[in-house]
Amino acid sequence: MKIMIIGGGGREHALAWKLKKSPLVSHIICVPGNAGIEEIAECVPWDLSDCEGLSDLAKQNGVDITIVGPEAPLSLGIVDTFNSKGLKIFGPSKDAAILESSKSFAKELMKESGIPTPDFAVFTDCGSALEYAKNRGFPIVVKADGIAAGKGVIICQNLRDTQRAVQKIIIEKAFGAAGNKIILEDLLTGEEASFLAFTDGKTVLPMASSQDHKSIREQDQGPNTGGMGAYSPAPVITPEIHKKIMDKIMLPVVRGMTKRGITYKGVLYAGLMIKDNEPFVLEFNCRFGDPETQPILLRMEDDLMPVIQAVIKVKLSGVKLSWSNNAAVCVVAVSSGYPDVYEKGKEISGLKEVSKIKGVTVFHSGTRKEGRKVLTNGGRVLGVTALGSDLRQAVDKAYKAIDLIQFEGIYFRRDIAQKGLRRLGLF
Ligand code: GLY
């Protein structure tokens, strides 16, 4: 089969790496890809908002199945465009992707379906939002309604912070039209976890649990990023909590969508807060997580391709997944200045040395090739992902490997998976 992957981050590199191992896959095209993906797939530069053009590209190249990585093309309706032309594609339709593209939609659906989530209110003007915040008290969370690359969530400790956040989103339009509406939400403390599942709209098949690290600095300080590292499994998701997540969240949301006439197909990703042994939804994403996908796929023992096919054909009930007992960790290296302004074009060294370490895979994000050199080409540059017999070994391996990688201004968190290590008594 000829496969096309849409996207050019670490998640897409991990998908290409996993699919490359499938006996069912003969050729992979990745749009636009990156320097790492280039090693295993044919990379084609393209505007990811051009759904028509991408469907023509798939047709011209005889692509059998297209897999969509990022949320933006999904929210623009790439799946609908492909389906209307009889092309097979993995991911939710535009109507279904609204679970991620409108936080207010997701919150209303959760409220209606009795899915546990922090209390909230939706606003389109600063005055009413600030009045609500004053009455509700602080800290409070301000969120842009639409897609903001993981950066549209601001935790406010007082009224001044809230004023700034509301102004930034509604007046200054820091996230464009994504900020036409805002959500004010109670701040819930606890431990965050990511729960990803495949679904064909009927069956929900969970992936291994994982935990992301959203803040730029150690001990979860500083502004949010796309994700600074992840590990799997996440010990905070005990079997008891796993069952609660399936029964109280994943199944009700898929059913809630069906009730509204929307069949949700693809990956459903719940961003959770675990508090007092209860899971609460902070957000839904309509795609594989980045960087969660990197450690999850490192642990997936099955061929990914039949799972993708089963979702498309609505035959997921017949699929079972098995996960390696090993632990996996991904540590993301970013450019100096990220998540704000950063420079690109810095030469990356050490990749060859790292490729010799058994059990370590470097998934590229913002990288590009120039001659024989690999240069930085984005905020998140690459994720060093390691598999170990336990979380301690995986963490040690990942840091040993990332210490061999250099580029001007390289930064990564030194505390990825620390929460998991503490829970397991391995810290
Ligand atoms: N890891 C966060 C995300 O994929 O949105």
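Relevant structure appears above.
**Student:** Looking at this model, I keep getting lost on the packing of aromatic side chains. Mind explaining?
**Tutor:** Each pair of aromatic rings is reported with the distance of its centres and the angle of its planes. Overall, the coordinates contain seven aromatic pairs when judged by the stated rule. Members of the aromatic cluster, joined through ring pairs, are Phe90, Phe198 and Phe288.

**Student:** Please explain the sheet that holds strand β2 (residues 27-32) as it appears in this structure.
**Tutor:** Whenever strands of a sheet pair, they do so through backbone hydrogen bonds, lying parallel or antiparallel. Taken together, five strands build an open sheet; the order of strands is β3-β2-β1-β4-β5 and the sheet is parallel. One side of each edge strand has no neighbouring strand; the edge strands of this open sheet are β3 (42-43) and β5 (88-90). Here three bridges tie strand β4 (residues 65-68) to β5, and the two strands are oriented parallel to one another. Each residue of the ladder has a partner; that of threonine 66, found in β5, is isoleucine 89. Contacting β1 (2-7), β2 and β4, helix α2 (residues 51-60) crosses the sheet at an angle of about 160 degrees to β1.

**Student:** Explain the pairing of strand β18 (residues 327-334) to me, please; I cannot follow it from the model alone.
**Tutor:** For β18, a buried count of eight out of eight residues is recorded, marking the element as mostly surrounded by other parts of the structure. Both strand β15 (residues 229-232) and β18 contribute to a ladder of four bridges, which runs antiparallel. Opposite serine 232, over in β18, you have alanine 328 as the bridge partner. Both β18 and strand β22 (residues 380-388) contribute to a ladder of eight bridges, which runs antiparallel. Across the sheet, alanine 327 pairs through a bridge with glycine 388, a residue of β22.

Parameters at a glance
- Residues numbered from 1 in each chain as written.
- Predicted model: local features only at pLDDT ≥ 70, side-chain atom pairs only at ≥ 80, totals over all residues.
- Heavy atoms only, no water.
- Phe/Tyr/Trp six-rings, centres within 6.5 Å; stacked < 30°, edge-to-face > 60°.
- Pairing = 2+ DSSP bridges.
- Helix = DSSP H or I, 4+ residues; strand = E, 2+ residues; numbered from the N terminus.
- Contact = heavy atoms within 4.5 Å.
- Axes fitted to C-alpha atoms, helices over the stretch in contact; angles between N-to-C directions.
- Buried < 20%, exposed > 50% of the residue type's maximum accessible area, 1.4 Å probe, protein only.

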